[in-house]
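In case you want the letters, here they are:
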Amino acid sequence: MKMTNQPSQNANMPAQTKASLTQVAEGYGLDKVAKSSKQSFGLAIFAGAFIALAFVFYITVTTGSQGSWGMTRFVGGLAFSLGLILVVVCGGELFTSTVLSTVAWAQKKVTNSDLIKTWGRVYAGNFVGAMLMVLLIFLAGMHQLDGGRWGLSALNIAQHKLHHSWTQAFVLGILCNMMVCLGVWMTFATKDVLTKVVLVMLPVAMFVSSGFEHSIANMFMVPLGISIYQFADPAWFEALNVSRDKFADLTVMNFVLNNLIPVTLGNIVGGGVFVGLGYWLVDNSGKKHVTAEPVEQSVDASTKADN
């Protein structure tokens, strides 16, 4: 009898593991909504600053690189993964991972109103954190590094983001947040901090090196480019032998309409719909969820403060 029952138990193990991850995602989303407005907004400011710092790291390691195009971007992508690592380990509310709260919404544990309020609060906090870092990085004179080439690299990156068509920016936003949320989803499977760090690195490196678009990263990168264009000393442009007029399209209106809006919508679809609701639909296809009790035991308390 024992031998007869054993295969049945083993056959059920993958389904239970997969369902538990979806349940952890549900608790993850509930925790986002349950936080007080003050705590959520404060953690969102931190997350916005973390992602901005990661972009500073990216610009620094890629500026003046003599390596191949692909390897340079891969190294830059690994550097950029610092942002999500800081969010996961130190704690932060990042809009692009907060959209995974669609799982809790699909389970009718979160109302439409609560979902929108949470997303709006986190998005606003991320923006404040990103703007604070724009101010600090510009006042620090980072654009003057490497004979000004650091700042020129920032200008070129920011301008490139405005040259996508609306549809292209939207799709690049979908692809980006698929990778971000898959990285976060993998962290639901472990309680070990170092393992979480390793798990998020390659998904982030992949989306950055491939040129996918992240709305919160762009909240820092494009305004930084606009700030350099608007406020850098004219002598700085002359020293680089670059015409300031070349970057005349770096405007707030151009950024919001042609990048931030389509990329944000794409991030919601990629993470909240494709990953969050996608896994929820698969795990609810023709079978019942496992009970909540073992899931609660599997939720890492530290995960609730992450991402």
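Higher on the page you've got the structure.
Procedures and definitions
Residues numbered from 1 in each chain as written. Predicted model: local features only at pLDDT ≥ 70, side-chain atom pairs only at ≥ 80, totals over all residues. Heavy atoms only, no water. 1 Å grid on protein atoms, 1.4 Å probe; cavity = no way out; pocket = protein on both sides within 12 Å on 5 of 7 lines; lining within 4 Å. Points joined across faces, edges and corners; volume = space filled by probe spheres on them. Helix = DSSP H or I, 4+ residues; strand = E, 2+ residues; numbered from the N terminus. Nonpolar A, V, L, I, M, F, W, Y, C, P; charged D, E, K, R; others polar. Axes fitted to C-alpha atoms, helices over the stretch in contact; angles between N-to-C directions. Parallel < 35°, antiparallel > 145°, perpendicular 65-115°, else oblique. Left-handed = near helix turned anticlockwise from the far one by under 90°. Contact = heavy atoms within 4.5 Å. Salt bridge = Lys/Arg side-chain N within 4 Å of Asp/Glu carboxyl O. Buried < 20%, exposed > 50% of the residue type's maximum accessible area, 1.4 Å probe, protein only. Patch = residues over 30% accessible without salt bridge, like charges linked within 9 Å, V, L, I, M, F, W, Y side chains within 5 Å. Areas by Shrake-Rupley, 256 points an atom, 1.4 Å probe, with all protein chains shown as cover.

Sorry, what's going on with the layout of surface pockets here?
Over the atoms, a rolled probe matching the size of one water molecule traces out where space is still vacant. The computed volume of the largest pocket comes to approximately 540 Å³. Lining of the largest pocket is provided by 25 residues; of these, Tyr58, Arg73, Ile157, His160 and Val208 occupy positions nearest its centre. Looking at the lining of the largest pocket, the elements with two or more residues in it are α2 (37-62), α3 (69-80), α8 (149-161), α10 (193-209) and α11 (215-231). Looking at the lining of the largest pocket, its residues break down into ten nonpolar, eleven polar and four charged.

What's the story with the packing of α2 against α3 in this structure? I'm lost.
The angle between the axes and the distance between the axes are what describe a pair of packed helices. Interaxial distance between α2 and α3 falls to 8 Å at its minimum, and their mutual angle equals 150°. Our classification of the angle between α2 and α3 gives roughly antiparallel. Judged by the twist between their axes, the crossing of α2 over α3 is right-handed. In this structure, α2 uses Ile51, Ala54, Phe55, Phe57, Tyr58, Val61 and Thr62 to contact α3, whose residues at the interface are Thr72, Arg73, Val75, Gly76, Gly77, Ala79 and Phe80. Classifying every residue of the contact of α2 with α3 gives nine nonpolar, four polar and one charged.

How do you make sense of the pattern of salt bridges when you look at a structure like this?
Any two side chains of opposite charge can pair, on the condition that their charged atoms come close. In the structure shown here, the tally under the stated rule is six salt bridges. For the salt bridge of Glu93 with Lys32, the shortest nitrogen-to-oxygen distance reads 3.3 Å. A residue pair is termed long-range when its members are at least 10 positions apart, and Glu93 in the loop between α4 (82-90) and α5 (95-98) and Lys32 in helix α1 (residues 2-34) qualify at 61 residues. The pair Glu93 / Lys32 is uniform in exposure class, with both members buried. Taking the shortest distance from any N to any O, the salt bridge between Lys161 and Glu213 comes out at 3.3 Å. Here the residue Lys161 occupies a position in helix α8, and Glu213 occupies one in the loop between α10 and α11, the gap between them amounting to 52 residues. Neither residue differs from the other here; Lys161 and Glu213 are each classed as buried. Within this structure, Asp31, Lys32, Lys35 and Glu93 form a network of salt bridges that share partners.

Would you explain a nonpolar patch on the surface in this entry?
Residues Phe57, Val61, Met71, Phe74, Val75, Leu82 and Leu202 make up a contiguous nonpolar surface patch of roughly 570 Å² in combined accessible area. Broken down by element, the residue count for the nonpolar patch peaks at three residues, all from α3. Looking at the secondary structure, you find Phe74 in helix α3.

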